[in-house]
Amino acid sequence: MYCFDIVLTDIDREKYVVEYNQAIIGSGFSLLESDEKKHVEKAAFRFQQVVEFADRKHPKLRLPIEKAYLGLARAFALLGDKQQALKSRAEYLRKYRRGVFRKEITKLPPRKF
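For the protein chain, the helix and strand inventory stands at 5 helices and 0 strands. Counting from the amino terminus, the protein chain carries its helices and strands in the arrangement α-α-α-α-α. By residue count, 38% of the 113 residues in the protein chain fall in the buried class. Here the protein chain displays about 7200 Å² of accessible surface, and carbon together with sulfur accounts for 53% of that area.

Encoded structure:
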């Protein structure tokens with residue numbers, strides 16, 4: 001992941017805003033599959049970046065932001081932070097009532113760590 005992190009720091013985030021956010025989310029979902037807590041924590045951080053900083057007005061970022069909410073809720077659930085997992089889920093459902101992941105986000109994984 002170290003090399004990938006370097007690429008993310010060098011990418012032109014203004015010119016490739018969609019690709020940048022998709023890369024952050026994709027790497028987050030890869031990290032969620034890890035059996036190491038530190039990787040799942042890193043995944044949560046990546047999803048949080050997108051949720052907090054992605055431009056909600058950008059027409060091509062709606063789906064990536066929705067997916068980041070899903071990943072964030074799953075990461076918190078895996079880490080055993082049920083309160084944050086439920087908060088992320090509630091925020092998603094409030095902001096995206098007809099969201100693509102509205103069914104998936106209600107089925108969070110059990111605590112792993």
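There's plenty left to go through after this.
Turning to the packing of helix α2 (residues 17-32) against helix α4 (residues 62-78), a few remarks are in order. It is the contact of α2 with α4, at a shortest axis distance of 10 Å, that shows an interaxial angle of 25°. Classified by the angle their axes make, α2 and α4 are roughly parallel. In terms of crossing hand, the pair formed by α2 and α4 is left-handed. In this structure, α2 contributes Q22, I25, F29 and L32 to the contact, and α4 contributes P64, K67, A68, L70, G71, R74, A75 and L78.

Next up on the list: a positive patch on the surface. Taken together, the side chains of R98, R102, K103 and K107 define a basic patch exposed on the protein surface. With respect to the helices and strands, R102 occurs in the segment after α5 (82-95). On the basis of relative accessibility, which here comes to 36%, the residue R102 falls in the partly exposed class.

Attention now goes to the side chain of N21. Structurally, N21 can be placed in helix α2. In terms of polar contacts, N21 uses its side chain to reach the backbone carbonyl oxygen of V17, at 2.8 Å. When residues no more than four places from it in sequence are discounted, the contact partners of N21 are V50, A54 and L61.

The terminal C-alpha atoms of α4, which comprises 17 residues, lie 25 Å apart, in line with the 24 Å expected from a rise of 1.5 Å per residue. Trailing α4 by a residue or two, G80 shows a phi angle of about 85°, which is positive.

Time to look at the nonpolar core. Counting residues in each nonpolar core, the largest one holds 31 residues, and the members touching the most others are L32, F47, V50, I65 and Y69. Of all the secondary structure elements, the ones that give two or more residues to this core are α2, α3 (37-53), α4 and α5. For this core, the element with the most residues is α4, which contributes 10 residues.

Conventions adopted
Residues numbered from 1 in each chain as written. Predicted model: local features only at pLDDT ≥ 70, side-chain atom pairs only at ≥ 80, totals over all residues. Heavy atoms only, no water. Helix = DSSP H or I, 4+ residues; strand = E, 2+ residues; numbered from the N terminus. Buried < 20%, exposed > 50% of the residue type's maximum accessible area, 1.4 Å probe, protein only. Areas by Shrake-Rupley, 256 points an atom, 1.4 Å probe, with all protein chains shown as cover. Axes fitted to C-alpha atoms, helices over the stretch in contact; angles between N-to-C directions. Parallel < 35°, antiparallel > 145°, perpendicular 65-115°, else oblique. Left-handed = near helix turned anticlockwise from the far one by under 90°. Contact = heavy atoms within 4.5 Å. Patch = residues over 30% accessible without salt bridge, like charges linked within 9 Å, V, L, I, M, F, W, Y side chains within 5 Å. Salt bridge = Lys/Arg side-chain N within 4 Å of Asp/Glu carboxyl O. Lys, Arg positive; Asp, Glu negative; His and termini not counted. Charge placed at Lys NZ, Arg CZ, Asp CG, Glu CD. Polar contact = N/O pair within 3.5 Å; in protein donor to acceptor, adjacent residues only side chain to side chain. Expected span 1.5 Å × (residues − 1). Core = buried A, V, L, I, M, F, W, Y, C linked by side-chain atoms within 4.5 Å.

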